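Below are the chains, spelled out letter by letter.
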Amino acid sequence: MSTSTAAEAAPQTPDPDGTTPAPVPLPLWRSGPYLAWLLSDTGQALGSALQFFLVPLLVVLVTGDAAAAGTVAAVGLGGRVATTLLGGVLADRHDLRSLMVLSGLLAAAVVTGMVAVVGLDLGLVALGVLNLLAGIRAGLLAGASDAALKQVVPSGQLPGASAANQARDAAVSMGGPPLAGLLLGLGAVPALLAAAAAYLVAAAGALVLRGDFRPEPAAGPSSIRADVVSGLRWLWARPELRRVMGVALLLNLGLNAAVTTLLYHLATTGEDPARIGLVSTSIGVGMLVGAVAAAPLVQRLPSGWVAMAGMTMAGLSMLVLPFVPGFWGRLAVLAVGILGAPATNAAMMSYLMHRTPRAVLGRVMSAAQLVSAGATPLAPVVAGFGLALLGLRPTLLVCAAVCLLAVAAVLTSRALRTLPRPAQWDRAEA
């Protein structure tokens, strides 16, 4: 299939021998297709951030019950997890741009439905059903944007694009909750309409996206179950890609569990809620600074070195964290420890995308999403039981050990340990 969008390049001057050199891709910030994709993906990220923050708060406002808020949020997450692999099949069978447009429009429709529920006071069940639909929509369609990135930029620019996405995600995670809180101060309806508007921006960005995003021709008819199994089998047959997934799970679990442990500890010892909120702020600052530095690092340095350095920094920081006295010292350690995570994520996930053909890309990326999501519910379990059974310092040491296991997973895989910089990936695989 055509990938002319990814090959968009600056004009070339013929060499003295009369031949024309290979086209040089335009920088990302001058690439129209990439900017359209980024607009769409950012609209989806902002809409999700606003919705994730608003829905539980709206449940509390309607019912006054925090447990009900947690239940509604869990229903939405369950809908997403249950449909993510099916979403990978859809991405491999259908035009990715069309799925991105549909995703934005359906998300805006669901959030508009929430506006009606709140305005007409239809109650908790109606809001829960809509949040379930929102989760199902995300599971089925949200992954199309990630899969489309490979069609938008050349493989050599995937690490830079991934690093830019890390910076964008950090900015959204830091700015989304305050923005949602500000909008909620104006009323539930304006806040939800802002989320719907962000989703419409996502659909508009996808509409103006140029290029060929159609699937590769299928070899023959197959069932959804067969497609899911074949995609997972393709991934399992490649040891270095299995290792990338394992590394992502371990790193996400170790870092999330450590942060959750610290949050639970501060909450149970009577710390001021405003100061507790600074924990997330410090992590967001570290992610944002690390993401800005990630773009040149992942392009110029061997990807194996980037991954080892980033994970070692995280593991050693988590190892130091239990022994650092004082609130501000712990925040500083968290911010420093997370600095290498954006570059690590950009290097590993862009390599995964580079190595995966279009025919199974949706299913592989959906599996990666499941692995990342799998660390989220495990983190509070580790934190809660760890604090109850072991105490703060031993639990944080367990989290550090999990991060160091991620380092070991890279060190014991020669294919990942010796992974060169992106420009040399194809030669290394030859």
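Residues numbered from 1 in each chain as written. Predicted model: local features only at pLDDT ≥ 70, side-chain atom pairs only at ≥ 80, totals over all residues. Heavy atoms only, no water.

**Some points on the overall build of the protein chain**
The criterion, for reference: Working definition: helices are DSSP H or I runs of at least four residues, strands are E runs of at least two. Numbering for both runs from the N terminus. Accessibility here uses a 1.4 Å probe with only protein chains present; expressed as a share of the type maximum, an area under 20% marks a residue as buried, one over 50% as exposed, and anything in between as partly exposed. Residue contacts are counted whenever heavy atoms from the two residues lie within 4.5 Å of one another. Note on areas: these come from Shrake-Rupley sampling with a 1.4 Å probe, and a residue is covered only by the protein chains present in the view. Just so you know, the count uses Lys and Arg for positive and Asp and Glu for negative, and it drops His and the chain ends. Charge positions are represented by NZ for Lys, CZ for Arg, CG for Asp and CD for Glu.
Tallying secondary structure elements over the protein chain gives 16 helices and 2 strands in all. For the protein chain, the spread of C-alpha atoms along the three principal axes comes to 75 × 55 × 40 Å. For the protein chain, buried positions account for 48% of its 430 residues. Contacts spanning at least 24 positions in sequence make up 83% of the contacts within the protein chain whose residues lie at least 6 apart. Carbon and sulfur atoms make up 70% of the accessible area of the protein chain, which amounts to about 18,900 Å² in all. Each charge sign in the protein chain was given a centre, from 25 positive and 18 negative side chains, and these centres are 7 Å apart.

**Quick word on the nonpolar core**
To be explicit about the condition: We call a set of buried Ala, Val, Leu, Ile, Met, Phe, Trp, Tyr and Cys residues a nonpolar core when their side-chain atoms join them within 4.5 Å.
Ranked by size, the top nonpolar core spans 58 residues in total, and within it L235, V279, M311, M318, L334 and L352 carry the most contacts. Here the element with the most residues in this core is helix α8 (residues 239–268); it accounts for 11 residues. Beyond its immediate sequence surroundings of up to four residues, M318 is in contact with L255, A258, L334, L396, A400 and C403. Within the second largest apolar cluster, 27 residues are counted, among which are L58, L127, A188 and A191.

**Describing helix α10 (residues 303–320)**
Side chains three or four residues apart in an α-helix point the same way, a direct result of the helix having 3.6 residues per turn. Rules: Under the convention used throughout, the expected extent of a helix is 1.5 Å for every residue step, that is, one less than its residue count.
For α10, spanning 18 residues, the distance from its first C-alpha to its last is 26 Å, which sits close to the expected 26 Å at 1.5 Å a residue. Turning to α10, its buried residues are S303, G304, V306, A307, M308, G310, M311, A314, G315, S317 and M318.

**Looking at the packing of α8 against α10**
Let me state the cut-off plainly: For helices, the axis comes from a line fit to the C-alpha atoms of the stretch in contact; other axes are also lines fit to C-alpha atoms, and the angle between any two N-to-C directions lies between 0 and 180 degrees. Comment on the angle field: the value is read as roughly parallel under 35 degrees, roughly antiparallel over 145, roughly perpendicular from 65 to 115, and oblique elsewhere. Two helices crossing with the near one rotated counterclockwise from the far one by less than a right angle form a left-handed crossing, whereas a clockwise rotation gives a right-handed crossing.
Between α8 and α10, the shortest axis-to-axis distance is 11 Å and the interhelical angle comes to 30°. Regarding the angle of α8 to α10, the classification is roughly parallel. Here the hand of the crossing between α8 and α10 comes out left-handed. In this structure, α8 uses V247, L251, L255 and A258 to contact α10, whose residues at the interface are M311, A314 and M318.

**A short note on a nonpolar patch on the surface**
Stated precisely, the cut-off is as follows: Note on patches: the residues involved have over 30% relative accessible area and no salt bridge, like charges join within 9 Å, and the nonpolar side chains Val, Leu, Ile, Met, Phe, Trp and Tyr join within 5 Å. The term salt bridge refers to a pairing of a side-chain nitrogen on Lys or Arg with a carboxyl oxygen on Asp or Glu at a separation within 4 Å.
The grouping of M174, V285, V289, M313, V336 and L339 at the surface amounts to a nonpolar patch, some 430 Å² of accessible area in total. For L339, the location among the structural elements is in the loop between α11 (327–337) and α12 (341–355). Residue class for L339 comes out partly exposed when judged on its relative accessible area of 30%.

Remember, this is a structural readout, not a statement about activity or role.
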